Amino acid sequence: MSEAGQLQDYSVDQAAGAIVLVLGAVASLLLVVWQSKCHCKVNLCYIFQCERRPPSEDEIKGLKDNAKDLKDKAKQKQKQNKKPTPTPTPTPSPRSPGAEPEPEPEPISSSWRTL
């Protein structure tokens with residue numbers, strides 16, 4: 001018989017991956033619509049209704065002022081945190097000043113090659 005139009009058997013993880021991809025695509029499309037600067041109304045099966053309007057000029061001006069204030073506060077905090085740190089004083093080494101330096105290690109003999 002002809003198997004045209006029938007899907008193959010897929011595993012659970014493949015089906016879950018397909019569902020996640022579809023949901024991600026729908027969510028990204030809704031995100032683009034929601035972040036657009038247009039007036040839109042979302043109606044989800046007459047259960048959930050949402051309307052988005054772009055901010056007015058007064059709201060935009062207020063947001064810009066708030067952003068500027070936050071940036072100024074952040075700069076002030078950075079200036080306060082940049083207090084000069086005292087330079088560390090060098091500490092004397094634990095060796096006595098008259099001690100001789102350690103001898104360098106001798107090279108390993110290659111006596112194992114002569115076996």
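Above this text sits the structure in question.
Residues numbered from 1 in each chain as written. Predicted model: local features only at pLDDT ≥ 70, side-chain atom pairs only at ≥ 80, totals over all residues. Heavy atoms only, no water.

J.: Provide a residue-level description of the overall build of the protein, including the pertinent values.
T.: Helix and strand content of the protein: two helices and two strands. Secondary structure elements in the protein, listed N-terminal to C-terminal, are α-β-β-α. Of all 115 residues assigned to the protein, the portion counted as buried reaches 3%. Of the roughly 12,200 Å² of accessible surface on the protein, a fraction of 59% belongs to carbon and sulfur atoms. (Helix = DSSP H or I, 4+ residues; strand = E, 2+ residues; numbered from the N terminus. Buried < 20%, exposed > 50% of the residue type's maximum accessible area, 1.4 Å probe, protein only. Areas by Shrake-Rupley, 256 points an atom, 1.4 Å probe, with all protein chains shown as cover.)

J.: Explain a nonpolar patch on the surface to me, using residue names and the numbers behind them.
T.: Where nonpolar side chains cluster on the molecular surface, the patch consists of Val 22, Val 26 and Leu 30 and spans about 270 Å² of accessible area. With respect to the element layout, Val 26 can be found in helix 1 (residues 12-35). Classification of Val 26 by relative accessible area gives partly exposed; the value is 45%. (Patch = residues over 30% accessible without salt bridge, like charges linked within 9 Å, V, L, I, M, F, W, Y side chains within 5 Å. Salt bridge = Lys/Arg side-chain N within 4 Å of Asp/Glu carboxyl O.)

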